[in-house]
Every structure is written in structure tokens, then in C-alpha cells.
Amino acid sequence: MPTAISVGNVRVTALTAGSSHLPPMFYPGWDASAHPELIQDDGTYHIPTGCFLIQGDSFTILLDAGSGPDNLDFPPEMARLAQLSAPPKYLSVGGLLPAALAAAGVTPAEITTVFLTHLHYDHIGWVAPGGTLFFPAAEVVYGAADWDALIAPAPADDQGRVGMEAAKAAGSLRPVDAPTVQIAPGITAHHAPGHTPGHYILKIASEGQEAYLLGDAVQHPLQLTDPGITFLSDADAQRASQTRQKIFTELEGRDVAIGMDHFPGLEFQHITAGTPRSWTTCTGPSRTRTIPRRPGSPGSPGC
Ligand SMILES: [Zn+2]
């Protein structure tokens, strides 16, 4: 069952498009030996490749488009560098988004907007796999700065580039570069650079309730309390850290549900106030929860 919350009259559902199995060295500054509970028997940290379905009266938005249909083999060289004696078969497993969408009761043709937090391969894979649009009616919105940084320099046969070029040829792309951009009623994108120069987060506001979808602005749960943990693919690690701290300060102690593409379990979180801050999970054991709104009360989006 998908993890889902209601934010006013907007439904937000986490979808698993795949997973990645990363040696701890992907997170410079992380002392993984202090957290053996986060490391699997294959010596890697397993994270989901998440997307979020955002359904309102007049829109059906998909935030991020997974890693596409393919799996990526675990490179032997990486296993050697990370000193893994029994590495996983795959670095990245894809292929799961179509079934996740179907489980949520949505067809690709019903998606009105694909909003890409940034243009890394694990966020653009289903835009147009093999050059064929997967969401034929969707406008594809992304931060303009990421094209020159990530798509233009990629090899011509890079699958992410092939997909984005196909969407461009079809006239589906809408690059944005303003600090704040309206995506749909109550849905706004906010520039949050660092992980990539064109990275955006999405804020959802409806009937007094709020949720933030952070993409890869936050990559690891321990970044909440340890600002020294970065991610290997951060284009500007210092700026990414500054962006994270700004977001944490903005969200601390507020009744705002937070979703992140690679948060273990893809469950929605809330940040408590005080020192140290901590995550609290919004969703209950059933992993889906809708909070009925009391008359006259702004309520809380599941936190
Ligand atoms: Zn990612």
C-alpha cells in the first residue's frame, strides 16, 4: 500500500520507482560505523528511488520520474574501492514506477505535469525512456540551470539525455529559473540549489495545511543533525548544506509534512523543534493515513 497523506484537498502519495544500494563513501562526512543498523549485509546503504503523486481538483502532478526501466550493475571497481566482499548485484534497480502508478489508480496519460526537482538520472528516467514520451499529455517542468550542467555535457546516447531531448522535441519542456514558480493552484516550486544548480523543492498548501517535497535537497536522515554529511553527487556541497539548514530552520517545529525522494521507507516526516532536532514520521503503521479535518480547524497534514 502506498504511503499517502492529505494536505487540505490535495492528496500526496509516495511512489517507489526503484532503489539504490550505495557504499557509505557516497556520503562524505558520514561515519557509517556508528550506524550499523543502516548498513545491509551487502555492505551498502539501501535507499528508495522515490516519486510523489500530487492530486488536486484540477491537476495530477508527478514529482520526479525515477530511474527509468533499467537496472544498473554494481561496478566491480566500486566494490573494490569500498572493500565490499559480497557486493549487491545492482547499484540501482529501476522499473517499478508503472506498477506504483497503477497501484495508485493513475494512468500515465492522466499526469498533467511532471515536475523534476533536478535532472539527475534517477529523477528523469521515465520522462521518455528510449525517446518515447511516457506521460504523453504532461508538461515537464525543471530548473533551467540543470540543462547546461547535466544534460548538455552528457553523451548523446545517455538515456537521461535521450529522454529529455525527446521531451524537448515534443515541445513538452518548461524550464524555469525564478526563485519561486507557480506550478498549479496552491503548488509552488522554490529554487533550492546546491545538490544541482537548478534544484527546486515543491511546497503544497491547501485549506491551511502544508507539505514540502524536498527532492534531493536532503539526501540522508542524519543530515538533520550533522551538517557535515554531504553527498558525492552534490554539485556544490557547501551551498547544498546551506540550503538544507535554511529548510530545516524554516520547518522546525511547524506542522508541515515533508517528503524526500530517498528517505528510507518514503514515509512523510515532520521536524521537531529544539536541540537536537529530530524526525517524526507522519504516517502510522498502516503506512497510509488521512486526517479528517475538524470544522473550523486548519488541522495537520498527518503529523
Ligand atoms: Zn536522487
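The model shown is predicted, which means the values in this text are computed figures rather than measured ones.

## Quick notes on the pattern of salt bridges
Thought 1: Summed over the entire model, instances satisfying the criterion amount to six salt bridges.
Thought 2: Arginine 174 is the salt-bridge partner of glutamate 139, the closest N and O atoms lying 3.7 Å from each other. Taken together, the positions of glutamate 139 in strand 8 (residues 139-143) and arginine 174 in strand 9 (residues 173-176) put the pair 35 residues apart, joining distant regions of the chain.
Thought 3: For glutamate 165, the salt bridge is made with arginine 161, and the minimal N-O distance between the two is 3.2 Å. With a gap of four residues between them, glutamate 165 and arginine 161 both fall in helix 5 (residues 159-169), about one helical turn apart.
Thought 4: Judged by its relative accessible area of 29%, glutamate 165 falls in the partly exposed class.

## Here's the deal with the side chain of aspartate 234
Thought 1: Structurally, aspartate 234 can be placed in the loop between strand 13 (209-213) and helix 6 (237-251).
Thought 2: One buried charged residue, aspartate 234, forms no salt bridge at all, with the nearest opposite charge on arginine 244 at 4.6 Å.
Thought 3: Apart from the residues lying within four places of it in its own chain, the contact partners of aspartate 234 are Gly194, His195 and Ala240.

## With respect to the coordination of the zinc ion
Thought 1: Within the first shell, the zinc ion binds the protein through Asp122 (OD), His123 (NE2), Asp216 (OD) and His262 (NE2), at distances of 2.0 to 2.3 Å.
Thought 2: Considering all four donor atoms around the zinc ion, angles at the metal cover 86 to 169° and the coordination shape is irregular.

## Focus on the packing of aromatic side chains
Thought 1: Per the counting criterion, the structure on display carries eleven aromatic pairs.
Thought 2: Where tyrosine 27 meets phenylalanine 231, the ring centres are 4.9 Å apart and the plane angle is 55°; that geometry is what we call tilted. Of this pair, tyrosine 27 sits in the loop between strand 2 (10-22) and strand 3 (45-55) while phenylalanine 231 sits in the loop between strand 13 and helix 6, and the two are 204 residues apart along the sequence. Each member of the pair tyrosine 27 and phenylalanine 231 is classed as buried.
Thought 3: Ring centres 5.1 Å apart and planes at 80° place the aromatic pair phenylalanine 263 and tryptophan 279 in the edge-to-face group. Placement of phenylalanine 263 in the loop between strand 14 (256-259) and strand 15 (269-271) and of tryptophan 279 in strand 16 (residues 279-281) is noted, with a sequence separation of 16 residues between them. Residues phenylalanine 263 and tryptophan 279 agree in their burial class; the two are buried.
Thought 4: Joined through ring pairs, the aromatic side chains of Phe26, Tyr27, Trp30, Tyr45 and Phe231 make up one cluster.

## Here we look at the pairing of strand 6 (residues 90-93)
Thought 1: In this sheet, strand 6 lies alongside strand 2 in antiparallel orientation, the contact comprising two bridges. Across the sheet, the residue bridging to serine 20 is serine 92, located in strand 6.

## Overview of the side chain of threonine 117
Thought 1: In this structure, threonine 117 sits in the loop between strand 7 (113-116) and helix 3 (121-124).
Thought 2: For threonine 117, a relative accessible area of 0% puts it in the buried group.
Thought 3: Within the structure, threonine 117 has its side chain in polar contact with the side chain of histidine 118 (distance 2.9 Å).
Thought 4: Here threonine 117 is in contact with Leu63, Asp64, His123, Gly198, His199, Tyr200 and Gly215, once residues within four sequence places are set aside.

## Things to note about the nonpolar core
Thought 1: Counting 28 residues, the largest nonpolar core has Leu97, Ile111, Leu116, Val127, Phe135 and Met164 as the members making the most contacts within it.
Thought 2: At the level of elements, strand 2, strand 3, helix 2 (97-103), strand 7, strand 8, helix 4 (145-151) and helix 5 are the ones that each hand at least two residues to this core.
Thought 3: When neighbours within four sequence positions are excluded, isoleucine 111 is seen to be in contact with Leu53, Thr60, Leu62, Leu101, Val106, Phe135, Ala137 and Ala138.
Thought 4: In terms of nonpolar packing, the next biggest core, distinct from the first, is built from 27 residues, Ile5, Val7, Phe52 and Val181 among them.

## Focus: helix 5
Thought 1: Inspection of helix 5 places Gly160, Gly163, Met164, Ala166 and Ala167 among the buried residues, and these make up the whole buried set. The buried residues of helix 5 all sit within an arc of 155° when viewed along its axis, so they share a single face.
Thought 2: Looking at the buried side of helix 5, the elements it contacts are strand 7, helix 3, strand 8, helix 4 and strand 9.
Thought 3: Looking at where helix 5 begins, the residue whose side-chain oxygen comes 3.1 Å from the main-chain nitrogen of glycine 160 is aspartate 158.
Thought 4: Backbone geometry just downstream of helix 5 places glycine 171 in the positive-phi region, at approximately 75°.

Quick notes on the rules
Counting from 1, residues in each chain are numbered in the order their sequence is written. Residues qualify for local features only when their pLDDT is at least 70, as the model is predicted, and side-chain atom pairs are given and counted only at 80 or more; totals for whole chains, interfaces and linings, by contrast, use all residues. Only heavy atoms go into the side-chain values, all of them from the structure, while hydrogens and water stay out. Salt bridges are defined as contacts in which a side-chain nitrogen from Lys or Arg sits within 4 Å of a carboxyl oxygen from Asp or Glu. Secondary structure is summarised from DSSP: a helix means a run of H or I of at least four residues, a strand means a run of E of at least two, and numbering begins at the N terminus for each. Remark: exposure states derive from per-residue accessible area (1.4 Å probe, protein chains only) relative to the maximum for the residue type, with buried under 20%, exposed over 50%, and partly exposed in between. Positive charges come from Lys and Arg alone, negative charges from Asp and Glu alone, with His and the N- and C-terminal ends not counted. Should any heavy atoms of two residues lie within 4.5 Å, those residues are counted as being in contact. Distances define the donors: N, O and S atoms within 2.8 Å of the metal qualify, as do those within 3.2 Å of Na, K or Ca. Water is excluded, so some sites may look unfinished. Here the metal geometry follows the donor angles, with tetrahedral for four donors whose angles all fall between 85 and 135 degrees, square planar for four and octahedral for six when opposite donors are more than 155 degrees apart and every other angle is between 65 and 115, and irregular for all the rest. Ring geometry is summarised as follows: Phe, Tyr and Trp rings, the Trp one being its six-membered ring, pair when their centres sit within 6.5 Å, and such pairs are stacked at plane angles under 30 degrees, edge-to-face over 60 and tilted between the two. Pairing between strands is defined by DSSP: at least two bridges between the two strands are required. In the analysis that follows, any N or O atom pair within 3.5 Å is treated as a polar contact, provided that within protein one partner can donate a hydrogen and the other can accept it, and provided that, for residues neighboring in sequence, both atoms belong to side chains. The term nonpolar core refers to a set of buried residues drawn from Ala, Val, Leu, Ile, Met, Phe, Trp, Tyr and Cys, joined through side-chain atoms within 4.5 Å. As used here, the arc is the angular range of directions from the helix axis to the C-beta atoms.

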